[in-house]
Amino acid sequence: MTVAGVDIGSNTAKAVIMDNGDILATSLIMTGHQSRLAGRRALDLALREAGLEEGDIALIVATGYGRLTTDFTDQKVTEITCHAKGAHSVQPEARTVIDLGGQDSKVIAVGENGKVVDFVMNDKCAAGTGRFLEVMAAALEIELDNMGEVSLESESPASISSVCTVFAESEVVSRVAEGTNKMDIVAGIHQAIASRIYAMTVRVPFKEKVIMTGGVARNIGVVRALEKRLETSLVVPEMPQHMGALGAAIIAEERAGA
Amino acid sequence: MRKGRVDKDEVSRLSVDVLSRLQDLTGDPYSYARAWKGRTGGKVMGFYCHYAPEEIIHAAGALPVRITGENRVISDSGAHLQSYCCSLARTGLDMALGGDLDVLDGTVFVHTCDTMQRLSDIWRLDAGFDAHFDVVLPGRMEGDSSREYLYQELGSFRDRTGEYLGPVDDEALKRSIGIHNRNRVLLEEMYRLRRQDPGVLPSDEVLMVVAASAIMDKEEHNALLEELLGTLETRLSGGGPPPQSSLCKGEEKEEKIRLFGIGSVMDQWEFLRMVEDAGGTIVDDDFCTGHRCAGAVAPEGPDPIESITARIWDGALCPCKHAMSRDRAGYLLERITGSGAKGVLFFQFKFCEPHAFDYPHVKKALDEHGIPSLHLEIEQGSVSIPRLRTRVEALLETMRGA
C-alpha cells in the first residue's frame, strides 16, 4: 500500500511517499506565498520521482501550518504529532525532539511508542528559527548554508545578548562595526539560539536521547552550541527537514491499514 | 410530529433567537447599557471583577456592567500603563480614555491584583467618570478578623455608593440578593446540563450566556436563562434536534473530548469555536467570567450585608486570594473530575501574575493525577487562532493517543 505525507511549513513544503514502510520518494520546495499550492507542488514532485500518480496513493496526510488549507489531502494531523512520529521512526530511543523550523520552534517529549507526552512551542517570536538565521546571514553577507561551518572556526564567540531577531540584528551590526570577526559573531548567534532553546527544553523537561529536526538542524554550528548547552549529544537524522512529512506518511500508513 | 416531541424547527429557531441576541450583546455590550439608561434614566456602573458586590449596585437602582477589555490596538493607555501590565487593564483603560465607555457614570474597582489596584488610581485621576469606588477585599480569605473586615468593607461600600446612587435599604437589598441568587442558580443549572451532555450547547455559547449576565439587567437575564434552560432540557430529553445554533458548524464526527478551562476573563469566542471545531469542548471551567459567576448563592437572612459577605467568603477562590485551608489545586481537581473532563486548558493573559503564580502548583497536581494540560498565553488584541489551533489539536491528538 502506498501513502503520502505532506508537510507545508512556513518556509518549505515537503512530501514523502511511502510504500509498506519504505520511502519511495521525497521532495522539498519553498512554500512561497500560496501554501496550498506549495503542498500540491511538493506532492506532485514526489509523485513524479516515484513514477506514480495520485490515484496510486491510498491515503494522504497533511501536516504543518498550511495543513488546514489543503483540499487534496485526506486527513490533517499537527506537526507536533508528526515530528514525534517521524523522529521515533528514525531513532526509536529518542525521548525528546527539538524541532527548529522556518518560523517556530518546538520541544516535544516522546514516549517509548513514539507518541507525544508533552510539548512546548514558541511561535510568537522568530528567535532560534530559520528565519532568524536568514536575517543574520543577510546582515553578515554570508551564505546561510555556510554559517555552521564558519562558526566552528571561532575560538572566542562574540556575546549576542538579545534573542529578539530585530534587536539581535542591531547587535550584530554593532559587532561588525567594532571589527569583530565574522566567525565569532556567527558563533555568538548560535550560542544565543542555544540558550533560548535550552530554556524551552528544560520546561518539558528533556530526557535523552535528544533528536533534532527541522531545517535549522542542518546548521552544524547550532547543533554543536545546543549540545554544549544541553551537555548531551544530539542525533541529527539524514533528512531533518523531512521528519514531519515522514511522520505524516507513517500515520497515513497506520490509518490506511487500520 | 410525534406526540411529546417539540417541533424541530421551533426549537432551532428559539435557540437561534436567544443566541443571536447573546452575540449582539457580547459583541457590543455598551449599546445595551445605553438603551437601558435611555429607558430607565438610571445610572450605569462599570466593574472589572466578579467579586464586585453587584447586589448593592443593583439595589440602588443602577445597572452594573462588567468591563472585560476588548481586542484592540492600544493607543491612549500606553501613556499610563507599562507594557508589562495585562491586556485586560491596558485595553480597558484605553476604552475609557478613548470615550468608548462614556455610558458609564462611575466605576467600582475591587482590589484583586496589584495591576487592578494601580489601574483604579489611574482611572480615578484620568478617566473622568463622575463616581469612583474601591472595594478593598482582604488578601487572605480566612480567619475571623479577615471576615469581619470584609463585612465592614461591604457595609462601607453600601454607604459610599448610597451617597451617589441613593440610599439602599435592607428590603431593597434583600430583593436584589434574591434576584442575583436566582441568576447564580440558573447559571449553575446550565452548567449541570452541560456536564450531563456537552453536546447540548457548545462552550462558546455557554460562556456568552454567562458574559451576558454581567451586561444585562439581572431579571431580564434570568428570564432569558429560563427560556434557554427549557430548550436545553427539551434537547436532553431527546425531544429536540441536536444543537443547531447559528454558531455551530460541521457535523459531529466523533465524540468531542471534554476539557476543563482555567483562567480569568474568557471572551475569546473565536478561540472557543476553534476548540469545538478541533474536536474538543470546554465542559466546565474556573474562568472568572464563567463558572465563578455561577453556583455559590448568598444565604438569605436578616442582615443582607452578612449574606453578601458569606457568598464572597465561601464562593470559589480567585488566584488573587489566599487561604491556607483551601487548596486551589485540590478544589480544581475535584471540579475537573466531577465534570468528566479528561484534560485541562489553561487560558491566561500574559503578565497576569496571580494566575502565573498559581500555574506551577496546579500543573504539578494535574501531572500527578495523569491529567494532560495545555498552557496558552494570550493578549487581547493579538490572538492568533491558527497558532493556538496547532497546540490545541496537538493536545487533543495526544489525548486520543494519535
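For clarity, every value in this text was computed on a predicted model and none was experimentally measured.

Chemist: Could you give an account of the overall build of chain B, naming the residues involved and the relevant values?
Modeler: Each helix and strand counted, chain B has 14 helices and eight strands in total. Here the C-alpha radius of gyration of chain B, 21 Å, is about what a compact globule of 402 residues would show, namely 21 Å. Buried residues in chain B amount to 48% of all 402 residues. For chain B, the proportion of contacts with a sequence separation of at least 24, taken over those separated by at least 6, is 76%.

Chemist: Give me the domain arrangement of chain A: which residues, what numbers.
Modeler: Residue and element names in this part refer to chain A. Taken as a whole, chain A is organised into domain 1 (1–91 + 238–258) and domain 2 (92–236). Each of domain 1 and domain 2 was reduced to a C-alpha centroid, and the two centroids are 25 Å apart. Facing the 15 residues of domain 1 at the interface are 26 residues of domain 2. With seven residues, the top contributor of residues to the side of domain 1 that touches domain 2 is helix α2 (residues 79–90). A class-by-class count of the residues in the side of domain 1 that touches domain 2 yields five nonpolar, nine polar and one charged.

Chemist: Explain the packing of α2 of chain A against helix α8 (residues 243–257) of chain A to me, using residue names and the numbers behind them.
Modeler: All names here are of chain A. The geometry of α2 relative to α8 is characterised by a closest axis approach of 7 Å and an angle of 90° between their N-to-C directions. With respect to each other, α2 and α8 are oriented roughly perpendicular. Together, E79, C82, H83, A84, K85, G86, A87 and S89 of α2 and M243, G244, L246, G247, A248, I250 and I251 of α8 make up the contact between the two elements. When its residues are assigned to classes, the contact of α2 with α8 shows eight nonpolar, five polar and two charged.

Chemist: Could you give me a rundown of the sheet that holds strand β8 (residues 373–378) of chain B, with the residues and numbers involved?
Modeler: Residue and element names in this part refer to chain B. What the four strands build is an open sheet, ordered β6-β5-β7-β8; its pairing is parallel. The open sheet has two edge strands with one neighbour each: β6 (280–285) and β8. Neighbouring strand axes in the sheet, compared pairwise and without regard to direction, differ in orientation by 30° on average. In the sheet, strand β5 (residues 257–263) pairs with β6 via five bridges, with the strands oriented parallel.

Chemist: Talk me through the environment of L97 of chain B; I want residue IDs and the actual numbers.
Modeler: Residues and elements named next belong to chain B. On the secondary structure map, L97 appears in helix α4 (residues 87–97). According to the C-beta neighbour criterion, L97 is buried, with 20 such atoms within 10 Å. Spatially, the C-alpha atom of L97 lies 24 Å from that of T289, the residues being 192 residues apart in sequence. With sequence-adjacent residues up to four places away left out, L97 is seen in contact with D76, S77, D126 and A127.

Chemist: Which residues make up the pairing of strand β8 (residues 116–122) of chain A, and what values go with them?
Modeler: Residues and elements named next belong to chain A. With six bridges connecting them, strand β7 (residues 105–110) and β8 associate as antiparallel partners. Among the inter-strand pairings, K106 is bridged to a residue of β8, identified as M121. Taking the residues that link successive antiparallel strands as the turn, the β7-β8 hairpin has five residues, and the phi of G114 there is positive, at about 85°.

Chemist: Give a detailed account of the interface of chain A and chain B, specifying residues and quantitative values.
Modeler: Contacts between the two partners involve ten residues from chain A, matched on the other side by ten residues from chain B. Those elements that place two or more of their residues in the side of chain A that touches chain B are α2 and β8 of chain A. Residue composition of the side of chain A that touches chain B, by class: six nonpolar, two polar and two charged.

Chemist: If you had to explain the nonpolar core to someone new, which residues and values would you point to?
Modeler: All names here are of chain A. In terms of nonpolar packing, the biggest core is built from 185 residues, with A4, V6, A248 and A249 touching the most fellow members. Per-domain counts for this core show at least three residues from each of domain 1 (1–91 + 238–258) and domain 2 (92–236). Other than its neighbours up to four places away in sequence, A4 contacts A15, V16, I17, L43, A46, I57, I60, A249 and A252.

Chemist: Tell me about α2 of chain A, and name the residues and values.
Modeler: Residue and element names in this part refer to chain A. End to end, α2 covers 16 Å across twelve residues, agreeing with the expected 16 Å (1.5 Å per residue, within 8%). Across the twelve residues that make up α2, a large majority, ten, are buried. Those residues of α2 that sit buried are E79, I80, T81, C82, H83, A84, K85, G86, A87 and H88.

Chemist: I'd like a rundown of the sheet that holds strand β1 (residues 44–47) of chain B, residues and numbers included.
Modeler: Hydrogen bonds between backbone groups are what pair the strands of a sheet, and the pairing can be parallel or antiparallel. Residues and elements named next belong to chain B. Here four strands make up an open sheet; going across it, the order is β2-β1-β3-β4 and the pairing parallel. The two strands at the open ends of the sheet, each matched to only one other strand, are β2 (63–66) and β4 (131–135). The average angle at which neighbouring strand axes cross in this sheet is 25°, direction not considered. Note: strand β3 (residues 106–110) against β4, five bridges, orientation parallel. By the bridge assignment for β4, G106 is matched with A131. Each of β1 and β2 touches helix α2 (residues 29–40); the most contacted strand, β2, lies at about 170° to it.

Definitions and limits used
- Residues numbered from 1 in each chain as written.
- Chains lettered and ligands numbered in written order.
- Predicted model: local features only at pLDDT ≥ 70, side-chain atom pairs only at ≥ 80, totals over all residues.
- Helix = DSSP H or I, 4+ residues; strand = E, 2+ residues; numbered from the N terminus.
- Rg over C-alpha atoms; globule rule 2.2 N^0.38 Å.
- Buried ≥ 20, exposed ≤ 12 C-beta atoms within 10 Å, placed from the backbone.
- Contact = placed C-beta atoms within 7 Å.
- Domains from an automatic or database assignment.
- Nonpolar A, V, L, I, M, F, W, Y, C, P; charged D, E, K, R; others polar.
- Axes fitted to C-alpha atoms, helices over the stretch in contact; angles between N-to-C directions.
- Parallel < 35°, antiparallel > 145°, perpendicular 65-115°, else oblique.
- Pairing = 2+ DSSP bridges.
- Core = buried A, V, L, I, M, F, W, Y, C linked by C-beta atoms within 7 Å.
- Expected span 1.5 Å × (residues − 1).

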